[in-house]
Amino acid sequence: MRFQMARCLTRLTIATLLSAALSLPAHAETGKVRFKFFKAGWFIGAQAGSGILSFRGEMYPFRIGGVSAGLTFGGSSTDLVGAAQNMHQASDIEGIYTALGAGLAVGAGRRAIQMRNAKGVVLTLEGEQLGLQFDFDLSGMSVSIQNQ
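Computed from a prediction, not measured in an experiment: that's the story for all the values here.

1. Comments concerning the confidence of the model for the protein
Regions with low pLDDT should not have their predicted coordinates read in detail. Put simply, the protein has an average pLDDT of 82, and 78% of its residues get 70 or more. Ranking the elements of the protein by mean pLDDT puts helix α1 (residues 2–22) last with 53 and strand β1 (residues 29–55) first with 92. Note on residues 17–25: pLDDT is under 50 here. Beyond four places in sequence and across chains, it has zero contacts.

2. Let's talk about unusual backbone geometry
One non-glycine residue with positive phi stands out, namely Arg56, at about 55°. Along the chain, the position of Arg56 falls in the loop between β1 and β2 (58–87). Take Arg56: its relative accessible area is 52%, and that puts it in the exposed class. Of note in this structure, Asn86 is not a glycine but carries a positive phi near 70°. By relative accessible area, Asn86 is classed as partly exposed at 36%.

3. Topic: the pattern of salt bridges
Under the counting rule described, the total for this entry stands at four salt bridges. Among the salt bridges present, the one from Glu128 reaches Arg110, with a minimum N-O distance of 2.8 Å. Highlighted residues: Glu128 in strand β4 (residues 122–145) and Arg110 in strand β3 (residues 95–116), separated in sequence by 18 residues. For Arg110, a relative accessible area of 55% puts it in the exposed group. Salt bridges sharing partners connect three or more residues here, namely Arg110, Glu126 and Glu128.

4. Digging into a nonpolar patch on the surface
Taken together, the side chains of Trp42, Phe43, Ile44, Leu71, Phe134 and Phe136 present a nonpolar region at the surface, about 680 Å² in accessible area. Going through the elements one at a time, β1 and β4 are the ones with two or more residues in the nonpolar patch. Looking at the nonpolar patch element by element, the count peaks at three residues for β1. Considering the arrangement of structural elements, one finds Leu71 in strand β2. Assessed through its relative accessible area of 38%, Leu71 is described here as partly exposed.

5. Some points on the nonpolar core
Val33, Phe35, Leu53, Ile93 and Leu123 are the most contacted members of the largest nonpolar core, which has 20 residues in total. The set of elements that each furnish at least two residues to this core consists of β1, β2, β3 and β4. Contacts of Leu123, omitting those with residues within four sequence positions, involve Val33, Phe35, Ala83, Ala84, Ile93, Tyr97, Ile113, Gln114 and Met115.

6. Quick word on the pairing of β2
Bridge count between β1 and β2: 25 bridges; the pairing is antiparallel. The partner of Ala48 across the bridge, within β2, is Gly65. Linking β1 to β2, which pair antiparallel, is a turn of two residues; within it Arg56 sits at a positive phi near 55°.

7. Observations concerning the packing of aromatic side chains
Summed over the entire model, instances satisfying the criterion amount to two aromatic pairs. Here the aromatic rings of Trp42 and Phe73 are separated by 4.9 Å at their centres, their planes lie at 80°, and the arrangement is edge-to-face. Linking Trp42 in strand β1 with Phe73 in strand β2, this pair joins segments that are 31 residues apart in sequence. Relative accessible area serves as the criterion here: at 24%, Phe73 is assigned to the partly exposed category.

Thresholds, definitions, all that
Residues numbered from 1 in each chain as written. Predicted model: local features only at pLDDT ≥ 70, side-chain atom pairs only at ≥ 80, totals over all residues. Heavy atoms only, no water. pLDDT = per-residue confidence, 0-100. Helix = DSSP H or I, 4+ residues; strand = E, 2+ residues; numbered from the N terminus. Contact = heavy atoms within 4.5 Å. Buried < 20%, exposed > 50% of the residue type's maximum accessible area, 1.4 Å probe, protein only. Salt bridge = Lys/Arg side-chain N within 4 Å of Asp/Glu carboxyl O. Patch = residues over 30% accessible without salt bridge, like charges linked within 9 Å, V, L, I, M, F, W, Y side chains within 5 Å. Areas by Shrake-Rupley, 256 points an atom, 1.4 Å probe, with all protein chains shown as cover. Core = buried A, V, L, I, M, F, W, Y, C linked by side-chain atoms within 4.5 Å. Pairing = 2+ DSSP bridges. Phe/Tyr/Trp six-rings, centres within 6.5 Å; stacked < 30°, edge-to-face > 60°.

Set out below in structure tokens:
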């Protein structure tokens, strides 16, 4: 009886260790990103632009598009740099990012933003904004890698 219990305990221990090893999250990495886009609106806004992702020694150009709703008046050009965290492969950057934000640009100013997509990629960006714009809105930004 002891022998059967010991064997059962050994099997349970092995199964538990295998289960734990298989459920460990894969190692996520961080890439560097640069966004350049133009945003304009009158109550409803739109933004369009491009960017580049540097990940695992490769460069991946991407397109940016999106809309915002809320209080948006004017237009601005924005150049942001930062990090794309929680990435497993370059295509993880693709998707829809949402953010609730507020900003004011009169001439030149600074902008910082943090957004997340459904794949868990977190973009932390900051940089320069030029133009004449006021916004307090909910923005959605689509990012898609361009075919090279």
